[in-house]
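What follows is each chain in one-letter form.
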Amino acid sequence: MKFKWMICMLALLVFAGPIMAQEGAAPAAGPAVNWVAIGFGIAMALASGMCALAQGKATASAVESMARNPGASAVIRGALILGLALIESLALYTLVVIFYQLLVK
Amino acid sequence: MPEHELWLTALFNNYLSGPANAALSLVGMHAENPAKPWANFVTMEILVVAILMIVAASLRPKLSVDQPGRLQHTFEVLYGFLRGQSEEVIGHHGPHFLRLFATLFFFILSCNLIGIIPTFESPTMFVPVTLGCALVTFGYYHYMGLKEQGAGNYLKHFTGGVPLLLMPLMVPIEIISHLARPLSLTIRLFANMFAGEQVTVVFLMLTYLIAPVIFMGLHVFVAFLQAYIFALLTMVYVQSAVSHDH
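Residues numbered from 1 in each chain as written. Chains lettered and ligands numbered in written order. Predicted model: local features only at pLDDT ≥ 70, side-chain atom pairs only at ≥ 80, totals over all residues.

Visitor: Could you give an account of the overall build of chain B, naming the residues involved and the relevant values?
Guide: What chain B contains, in helices and strands, is eight helices and zero strands. When its helices and strands are written in sequence order, chain B yields α-α-α-α-α-α-α-α. Each principal axis of the C-alpha atoms in chain B carries an extent, and together these give about 60 × 55 × 45 Å. Going through the 246 residues of chain B one by one, you find that 27% of them count as buried. A sequence separation of at least 24 residues applies to 63% of the contacts in chain B between residues at least 6 apart. (Helix = DSSP H or I, 4+ residues; strand = E, 2+ residues; numbered from the N terminus. Buried ≥ 20, exposed ≤ 12 C-beta atoms within 10 Å, placed from the backbone. Contact = placed C-beta atoms within 7 Å.)

Take a look at the structure:
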C-alpha cells in the first residue's frame, strides 16, 4: 500500500521535466501555456500537502500521548511545538525558492 | 523585491547619508544609490535596539523585590521561562549561556513584532538580518564547544564515535550537517516573516478587513513562535557542542 503511494507521488514528478526547460527562457512558445506557473503551483501544493501530513502525524501522536499521560502534558506540548515549527520550515523552503525565482530572476 | 522607503529610512537618508557613505568606503564598499545608503532593515534594526535599550534603562531604577511593577513582572516571566528552558536543554550550567539566548530571543521577537505596526517593517524579513543572527549562533556554539572541551576533543566530536574505517564517510556528513544549521536557521526565520507579510498583503488586496486581520493574528503568533524556536535551537546546538559524556 505504501509502495503504491510512493509511486503515485513520484509519477507526479514527471511534470517537473518541462519546467527546467522553460525557466531560463521567456514564458512559452506555441500555445502560451505558462509551465513555470504550473510548476510553481504543483511544487508549492506538494510541499504544503506533505507538510500537512507530517504535522498531522506529529499532532496525532502528541495528543494521544497526552491522553495516555496527562501529567507529562507540558513536556509533550513543548516537543510538539518544536516539531511543528521544524516541519513547517521545510514547506517554507519551497516557498522561498519560488519567491526567489519570481522576484529576483 | 520592491524597496519602498519607510519614513524612518527617509529621515536617515536625508540627514545621515554622508557618514554612512564614509563608513561604507572605509570598509571598501559602495552603496548602490549613494543618495540613499541606508536600507530599510538597517534603520529598523537600529530602532529596535534603541527601543530595547530604552525599555531596559527605564526598568532598571524601578526594580524592586517587594513591589514589582508590571514591566518587571513581564520580564521576570520571560527570563524565568528562558532560564528554565536552558536548564532543561543544557543541564545545570545552562544559565551560564543565558545571555546570548535571551539577547537573541528579545531581539528577534522585537524585530518580528515591529513589522506589525503600520509604517514599520520587520528587519527579520530580510535575509541579511537573519543570516547575521544565524552566524552569531554558529560562531557562538563552536566557540563555546572549543572553549569547553579543548580543540582536539571537540574536533573528535565530528567523527561521532563510529569505527575508524567509517570516519571518511562520517566527517563530511557531519560537516555538511553543521553547515546546514545556520542555513536552516536563516531561511526558517526569513521565510516565516516574509510569508506572513506577503499573505497579509495578498489578502489585503483581495478582501478588505476581516481576512487580513486573521492572518495578522497568525503572524503575531508565528513571530513569538519563531523567536522561541530560534533561541531553542541555539540552546540545542550549544548543548550538543558543550555536553560532556560525564
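Additional details are given in the paragraphs that follow.
Visitor: I'd like a rundown of helix α1 (residues 7–27) of chain B, residues and numbers included.
Guide: When the local axis directions of α1 of chain B are compared, the greatest deviation, roughly 80°, occurs at Leu-16 of chain B, which is followed within four positions by the proline Pro-19 of chain B. Looking one or two places after α1 of chain B, you find Gly-28 of chain B, whose phi comes out positive at around 95°. (Bend = angle between axes of the 7 residues up to and from the residue.)

Visitor: Outline the environment of Thr-94 of chain A, listing residues and values.
Guide: Residues and elements named next belong to chain A. With respect to the secondary-structure elements, Thr-94 resides in helix α4 (residues 73–104). The spatial distance from the C-alpha of Thr-94 to the C-alpha of Phe-40 is 9.1 Å, given a sequence separation of 54 residues. Every residue in contact with Thr-94, bar those within four places of it in the chain, is listed here: Ala-43, Met-44 and Ala-47.

Visitor: So, the nonpolar core: which residues are in play, and what are the values?
Guide: Membership of the largest hydrophobic core comes to 46 residues, with the highest contact counts inside it found for Leu-104, Phe-105, Ile-108, Ala-227, Phe-230 and Ala-231 of chain B. At the level of elements, α4 of chain A together with α2 (40–59), α3 (70–90), α4 (98–114), α5 (127–149), α7 (167–206) and α8 (210–242) of chain B are the ones that each hand at least two residues to this core. It is α8 of chain B that provides the largest number of residues to this core, a total of 13 residues. Apart from residues lying up to four places away in sequence, Ala-231 of chain B is in contact with Leu-82, Phe-101, Leu-104 and Phe-105 of chain B. (Core = buried A, V, L, I, M, F, W, Y, C linked by C-beta atoms within 7 Å.)

Visitor: Give a description of α3 of chain B that names residues and reports values.
Guide: All names here are of chain B. Spanning 21 residues, α3 covers 30 Å between terminal C-alpha atoms, matching the ideal 30 Å at 1.5 Å per step. Where α3 is buried, its residues touch α4 and α8. Two residues or fewer past α3, Gly-91 is found with a positive phi of approximately 115°. (Expected span 1.5 Å × (residues − 1).)

Visitor: Please provide a residue-by-residue account of the environment of Lys-105 of chain A, values included.
Guide: One can find Lys-105 of chain A in the segment after α4. Remark: the alpha-carbon pair of Lys-105 of chain A and Leu-95 of chain A, spanning 10 residues in sequence, is separated by 15 Å.

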